[in-house]
Amino acid sequence: MINKIKYSFLLLIFPLALVLFYFIQKKQNQPLRELAVFGPKNYSTKKDTIFHTVSAFSFTNQNNQIITDKYLQNKIYVTEFFFTTCQSICPIMNKNLEKVYNTFLNDTSVFIVSHTVDPEVDSSKVLKAYADLHGVKNNQWQFLTGSKRELYKMARQSYLLNNETGDGSDEDFIHTQNFALVDREKRIRGFYDGTDTAEINRLIIDINLLKQYYEFTKK
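Residues numbered from 1 in each chain as written. Predicted model: local features only at pLDDT ≥ 70, side-chain atom pairs only at ≥ 80, totals over all residues. Heavy atoms only, no water.

## Observations concerning the overall build of the protein chain
Helices and strands together make up the secondary structure of the protein chain, namely five helices and nine strands. Counted from the first residue to the last, the protein chain has its helices and strands arranged as α-β-β-β-β-β-α-β-α-β-α-β-β-α. Looking at the protein chain as a whole, 44% of its 219 residues qualify as buried. In the protein chain, the proportion of contacts linking residues at least 24 apart, taken out of those at least 6 apart, comes to 67%. (Helix = DSSP H or I, 4+ residues; strand = E, 2+ residues; numbered from the N terminus. Buried < 20%, exposed > 50% of the residue type's maximum accessible area, 1.4 Å probe, protein only. Contact = heavy atoms within 4.5 Å.)

Following this line, the structure appears as structure tokens:
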């Protein structure tokens, strides 16, 4: 009987301890947890970890402006690969990205970057109409087109969103429902199923965790 009382007491006190721990950390302005860093890692002679980072790029956006990796310097951003004529997963993915976009609307530290996988069709003009369809009001959601080979190289080698072999040739095609979250240092901090509402909620939580981390460390 005594053991049962002790067990019941532990079941009661454990959730209360977790709640107390949360509020203590929040009061001290400390991140609740740190996100993992994804991708291959190397080590320097000083045994420092060198993380995988997104490579330099140059594409054209929906406003016919050249956008490079420097445009996203010191930004947190979500990236995806889609095409405007897709009738299966892409409409769901971009409807879910609307939620992310509206959650961080006018927060200039957070961006969305959508790359077309069908640049022959998805010109700047086509992407502009698509952006308007999704209620894009400012520069926080960029829709990019350009060289198919370079776009596909970014998807596979930089964002690690496709592990199939290919070189962006005419026969090559990428169709992925996954998003990647990139931090201010161009490191990948998470992957998310863009068709899953629960995953979108997790993505929003993780963006806020990154924001909290940078606010705490003043990076």
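Read on, since the account is not over.
## Observations concerning the packing of aromatic side chains
All chains considered together, the criterion is met by twelve aromatic pairs. Residues F38 and F191 carry aromatic rings whose centres are separated by 5.2 Å and whose planes lie at 70 degrees to one another, so their mutual orientation is edge-to-face. Of this pair, F38 sits in the loop between α1 (2-27) and β1 (41-43) while F191 sits in strand β9 (residues 188-193), and the two are 153 residues apart along the sequence. Judged by its relative accessible area of 32%, F38 falls in the partly exposed class. When the ring of F57 is compared with that of F59, the centres are 5.7 Å apart and the planes differ by 20 degrees; the resulting orientation is stacked. A residue is classified by how much of its surface remains accessible, and F59, at 3% relative accessible area, is buried. Within the aromatic cluster, the residues linked to one another by ring pairs are F82, Y101, Y130, W141 and F143. (Phe/Tyr/Trp six-rings, centres within 6.5 Å; stacked < 30°, edge-to-face > 60°.)

## Let's talk about unusual backbone geometry
Located in the positive-phi region is N74, a residue other than glycine, with phi close to 65 degrees. Looking at where N74 falls in the secondary structure, it is placed in the loop between β4 (66-68) and β5 (76-82). For L160, which is not glycine, the phi torsion reads 55 degrees and is therefore positive. Assessed through its relative accessible area of 29%, L160 is described here as partly exposed.

## Remarks on the side chain of T79
Mapped onto the elements of the fold, T79 is located in strand β5. The exposure class of T79 is buried, given its relative accessible area of 1%. If near-sequence neighbours (up to four positions away) are discounted, T79 is found in contact with V113, H115, Y159, L161, N178, F179 and A180.

## Here we look at the pairing of strand β7 (residues 141-144)
With burial as the criterion, each face of β7 is covered, one bearing W141 and F143 and the other bearing Q142 and L144. With four bridges connecting them, strand β6 (residues 110-116) and β7 associate as parallel partners. Within the sheet, the bridge partner assigned to I112 lies in β7 and is W141. A crossover links β6 with its parallel partner β7, the connecting element being helix α3 (residues 124-133), and its sense is right-handed. (Pairing = 2+ DSSP bridges. Right-handed = clockwise from strand over helix to strand, strands pointing away.)

## Considerations on the side chain of D172
Following the sequence through the fold, D172 ends up in the loop between α4 (148-158) and β8 (178-182). You can call D172 buried: its relative accessible area is 10%. A distance of 2.8 Å separates the side chain of D172 from the backbone nitrogen of G168, its partner in a polar contact. (Polar contact = N/O pair within 3.5 Å; in protein donor to acceptor, adjacent residues only side chain to side chain.)

## What about the pattern of salt bridges?
All chains considered together, the criterion is met by twelve salt bridges. Two residues, D167 and R149, come together in a salt bridge whose shortest N-O distance is 3.5 Å. With D167 in the loop between α4 and β8 and R149 in helix α4, this residue pair connects regions lying 18 residues apart in the sequence. R149 gets classed as partly exposed once you look at its relative accessible area, which sits at 45%. (Salt bridge = Lys/Arg side-chain N within 4 Å of Asp/Glu carboxyl O.)

## What about the packing of helix α2 (residues 89-103) against helix α5 (residues 197-217)?
Two quantities define a packed helix pair, namely the angle between the axes and the distance from one axis to the other. Where α2 meets α5, the axes come as close as 10 Å, and the angle between the chain directions of the two elements is 25 degrees. Taken as axis vectors, α2 and α5 run roughly parallel relative to one another. Once α2 is placed against α5, the crossing between them reads as right-handed. Contact residues: α2 offers N96, K99, V100 and T103, while α5 offers I200, N201, L203, I204 and I207. Looking at the contact of α2 with α5 residue by residue, the class counts come to five nonpolar, three polar and one charged. (Axes fitted to C-alpha atoms, helices over the stretch in contact; angles between N-to-C directions. Parallel < 35°, antiparallel > 145°, perpendicular 65-115°, else oblique. Left-handed = near helix turned anticlockwise from the far one by under 90°. Nonpolar A, V, L, I, M, F, W, Y, C, P; charged D, E, K, R; others polar.)

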